[in-house]
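Inside the fold
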Amino acid sequence: MANLTDEIKKRRTFAIISHPDAGKTTLTEKLLLFGGAIHVAGAVKSNKIKKTATSDWMEIEKQRGISVATSVMGFEYEGFKINILDTPGHQDFAEDTFRTLTAVDSVIIVIDAAKGVEQQTRRLMEVCRMRNTPVIIFVNKMDREGRDPFDILDELENELKIKVRPLSWPINMGAKFKGVYNIYEHDLSLFKPDKQHVTERMEIKDINDPHIDEVVGKDDAQKLRDDIELIDGVYPPFDELDYLDGHLAPVFFGSALNTFGVKELLDCFIHIAPSPQPTQAVERVVEPGEEKFTGFVFKIQANMDPNHRSCIAFVKVCSGVFHRNQYYYHVRSDKQMRFTAPTAFMAQKKEIIDEVYPGDVVGLPDNGVFKIGDTLTEGEKIHFKGLPSFSPEMFKYIENTDPMKTKQLNKGIEQLMDEGVAQLFVNQFNNRKIIGTVGQLQFEVIQYRLLHEYGASCRWEPVHLYKACWIESDDDEALEAFKRRKHQFMALDREGRDVFLADSSYVLSIAQQDFPKIKFHFTSEF
Ligand code: GDP
């Protein structure tokens, strides 16, 4: 067995996040290209959904074999083991992305140079800030006319609420884009549009090297020197600890499509990005170097292979080494379990693996035993934190349209909820099932999957709700009084917890005023 400390040190587990279309898929692909994990561009299928239409989603469903394999992409680069955890680009799956962010040690944010900071990026950054996740920013599409790089830096600071420090700097942009100067390594890359190959880097002594004038021209060389002087004057030197604390984001410029500026990003990333970090459990902090294995399920995906009805649970290893065929303790069910065919994810392949180290993700075949957030250990009863369900924003009654298939429908709903696709509440007044989601698309996805995977058909009926919030109180009588008063609006979630369904923000705030002894929670974890 390899040395655990060494294995931890060489691992980098991160996610690339962006607003749809900024270039996340393209950048992912180029990183894999460097890692030798794929050989031609275009090999990575995007698992994003461009339009809010079921047909697009169905197309993805057909390609599931591919998109799932790309959920986790591991590859080796310069002696490092790199794991990219893919996140769905579509905002209706934001919750999926939030959960994936609990399994990474750092993040690369891709920004479109012309569009700057967009909505989805802002939301994702909030999650990073909550968790103090270190972020590196890649300003993409410099081959197109975009905003002034200094303006972009200002916008990043203001909108993402994080200090920034450029570590590379563009020489012009759009049609006049000439290349990037690598502030971190003091070299220069000249831009040549090329989708397949990597541009050679030119070693230069320093920013005053006359060679720069020769290759980019006197005027642009002077402008570059002025810019760098300004940067050094305005921004303090790059402080790695500040970055690791999540307070400072280094910024790179480039063009993912042209494989340009990407290597600079990757080379810096492997050196500064954190190796697997301690994980906070409810009971204690778990260090990756601990001898005993612990891990948690951050994602469940059903029906990987259309020919077999199977689920896979994605387990992030937090400490120790996971071994094939060894018994592990499944904390929630209080049972021992053994896995004969755990899978590792290397680039687009998945393969059976014997040992899995902290920072890596192992795929476990699942026939309904796992739920998101479940913990596996060697016997210790711990629970990993930070995987809350957020209060959904859209609600619909789900109605069975085929009474012969009631069992299938219920099973399908249970499994999709286990996957974390949406949340189920049962109204205690009329006993009807309500599905809550964060986006419209999820309703279409659920309906489609219930039909195609479980043979059950359903219909949606409107229910006018504003928010579902979990309630609790130290005062049992006050809780009962509240539940009596609001009995038409009380529901249970799948864990049997009390949920208040408020039909307007007004009703909610009045309820908060009238029942001061009741605590209202907007995430399921409190
Ligand atoms: P994602 O939605 O963030 O995954 O974005 P994609 O990687 O799918 O890219 C969205 C579009 O932008 C695609 O048409 C890409 O070809 C294009 N694109 C990505 N990177 C660049 C770039 O550096 N320059 C230009 N001009 N286009 C790019």
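Quick caveat, the model's predicted, so the values are computed rather than measured. Each chain has its residues counted from 1, running along the sequence as written. The predicted nature of this model means local features are confined to residues of pLDDT at least 70 and side-chain atom pairs, given and counted, to a pLDDT of 80 or more, with totals for whole chains, interfaces and linings taken over all residues.

1. Let's talk about the overall build of the chain
Under the convention used in this document: Secondary structure elements are defined from DSSP: runs of H or I of at least 4 residues count as helices, runs of E of at least 2 residues count as strands, and each element is numbered from the N terminus. Once C-beta atoms have been placed from the backbone, residue pairs whose C-beta atoms lie within 7 Å are recorded as contacts.
Looking only at helices and strands, the chain features 15 helices and 31 strands. The long-range fraction of contacts in the chain, counting pairs at least 24 apart against all pairs at least 6 apart in sequence, stands at 72%.

2. Remarks on unusual backbone geometry
Peptide bonds are trans in most cases, and residues, glycine excluded, mostly fall at negative phi. For the record, the criterion: Neighbour density around each residue's C-beta defines its exposure: 20 or more other C-beta atoms within 10 Å make it buried, 12 or fewer make it exposed, and counts between make it partly exposed, where C-beta atoms are placed from the backbone.
Even without a glycine there, the phi angle at Asn-132 is positive, about 50 degrees. Mapped onto the fold, Asn-132 is located in the loop between helix H6 (119-131) and strand S5 (135-140). If you check the backbone angles, Asp-334 has positive phi at about 60 degrees while not being a glycine. With respect to the element layout, Asp-334 can be found in the loop between strand S17 (327-330) and strand S18 (335-338). Judged by C-beta crowding, with 8 C-beta atoms within 10 Å, Asp-334 ranks as exposed.

3. A few points about the nonpolar core
For the record, the criterion: Defined on buried residues, the nonpolar core groups Ala, Val, Leu, Ile, Met, Phe, Trp, Tyr and Cys residues joined through C-beta atoms within 7 Å. What marks off one domain from the next here is an automatic or database domain assignment.
If you look at the biggest cluster of nonpolar residues, it comprises 93 residues, and the most contacted ones within it are Val-107, Ile-109, Ile-137, Phe-138, Val-139, Val-297 and Val-315. Built from parts of two domains, this core gets at least three residues from each of domain 1 (15-71 + 88-272) and domain 2 (279-377). Sequence-distant contacts of Val-315, defined by excluding residues within four places in its chain, comprise Gly-295, Phe-296, Val-297, Val-361, Val-362, Leu-364 and Leu-376. The next biggest cluster of nonpolar side chains, apart from the first, holds 28 residues, and it includes Phe-395, Leu-441, Phe-443 and Leu-501.

4. What to know about the packing of helix H2 (residues 24-34) against helix H11 (residues 262-272)
To be explicit about the condition: Simply put, an axis is a line fit to the C-alpha atoms, just over the touching stretch for a helix, and the angle between two N-to-C directions goes from 0 to 180 degrees. Roughly parallel covers angles under 35 degrees, roughly antiparallel covers those over 145, roughly perpendicular covers 65 to 115, and oblique covers all other angles. Any residue that is not Ala, Val, Leu, Ile, Met, Phe, Trp, Tyr, Cys, Pro, Asp, Glu, Lys or Arg is counted as polar, Gly included; the first ten are nonpolar and the last four charged.
The N-to-C vectors of H2 and H11 enclose an angle of 70 degrees; their axes lie 10 Å apart at closest approach. Classed by the angle they form, the pair H2 and H11 counts as roughly perpendicular. Note on element contacts: H11 touches H2 through Val-262, Lys-263 and Leu-266, opposite Leu-27, Lys-30, Leu-31 and Phe-34. Of the residues assigned to the contact of H2 with H11, the class counts are five nonpolar, no polar and two charged.

5. A word on the site of the ligand
Counted only if it meets this: The criterion for a residue being near a molecule or strand is a backbone-placed C-beta atom within 6 Å of that molecule or strand.
Close to the ligand lie 19 residues, the nearest being Lys-24, Thr-25, Thr-26, Ser-255 and Leu-257. If one sorts the elements of the shell around the ligand by residue count, H2 sits on top with three residues. Taken together, the residues of the shell around the ligand break down into four nonpolar, nine polar and six charged.

6. Some words on the sheet that holds strand S28 (residues 467-472)
Using the following cut-off: Any two strands with at least two DSSP bridges between them are considered paired.
With antiparallel pairing, eight strands are arranged side by side in an open sheet as S27-S24-S26-S25-S29-S30-S28-S31. Strands with a single pairing partner mark the edges of an open sheet, and in this sheet they are strand S27 (458-462) and strand S31 (519-521). Taken pair by pair, the neighbouring strands of this sheet meet at an average axis angle of 40 degrees, ignoring direction. In the sheet, S28 pairs with S31 via three bridges, with the strands oriented antiparallel. Counted as the bridge partner of Glu-472 is Lys-519 from S31. In this fold helix H12 (residues 406-418) packs onto strand S24 (394-400), strand S25 (423-427) and S27, with an angle of close to 125 degrees to the strand it touches most, S25.

7. What about H12?
Basically, it comes down to this: Expected helix span is computed as 1.5 Å times (number of residues minus one).
Its 13 residues place the ends of H12 18 Å apart at the C-alpha level, agreeing with the 18 Å of an ideal helix rising 1.5 Å per residue. Burial in H12 covers these residues: Leu-409, Gly-412, Ile-413, Gln-415, Leu-416 and Asp-418. Gly-420 sits one or two residues past H12 and shows a positive phi near 85 degrees.

8. Notes on the pairing of strand S4 (residues 106-112)
The condition is simple: If the strands point away from the viewer and the path from the first strand over the helix to the second runs clockwise, then the crossover is right-handed.
Within S4, seven of the seven residues are buried, which leaves the element mostly enclosed by the surrounding structure. Here S4 shows two buried faces, one formed by Ser-106, Ile-108, Val-110 and Asp-112 and the other by Val-107, Ile-109 and Ile-111. Read from S4 through H6 to S5, the crossover connection turns out right-handed.

9. Observations concerning the environment of Phe-34
Here Phe-34 is to be found in helix H2. Measuring from C-alpha to C-alpha, the distance between Phe-34 and Glu-78 comes to 9.9 Å, with 44 residues separating the pair along the chain. Setting aside residues up to four positions removed in sequence, Phe-34 forms contacts with Tyr-77, Lys-263 and Leu-266.

10. Points about the pairing of strand S11 (residues 248-253)
Most of S11 sits out of view: six of its six residues are buried. Here S11 shows a buried face lined by Leu-248, Pro-250 and Phe-252 and a second buried face lined by Ala-249, Val-251 and Phe-253. Taken together, the three bridges between S5 and S11 define a ladder with parallel strand orientation. Bridge assignment links Val-139 to a residue of S11, and that residue is Phe-253. Examined bridge by bridge, strand S6 (residues 163-166) and S11 share four bridges and lie parallel to one another. Bridged to Lys-163 within S11 is Leu-248.

11. Focus on the confidence of the model for the chain
Here is the rule we go by: Confidence scores labelled pLDDT are given residue by residue by the predictor and lie between 0 and 100.
Across the chain, pLDDT averages 86, with 86% of residues at or above 70. In this model residues 64-69 is a low-confidence stretch, pLDDT under 50, and it forms 13 contacts with partners more than four residues away in sequence or in other chains. Listed scores for the predicted complex are pTM 0.80 and ipTM 0.99.

12. Here we look at H6
Selection criterion: Arc definition: it is the arc formed by the directions from the helix axis to the C-beta atoms.
Helix length check: H6 (13 residues) gives 19 Å between terminal C-alpha atoms against 18 Å at 1.5 Å per residue, within 8%. If you check which residues of H6 are buried, you get Thr-121, Leu-124, Met-125 and Cys-128. For H6, the arc enclosing every buried residue in end-on projection is 105 degrees, short of the 170-degree limit, so these residues lie on one face. Away from its buried face, by an angle of more than 90 degrees, H6 presents the exposed residues Gln-119 and Met-130. Of the residues trailing H6, Asn-132 is marked for its positive phi of about 50 degrees.

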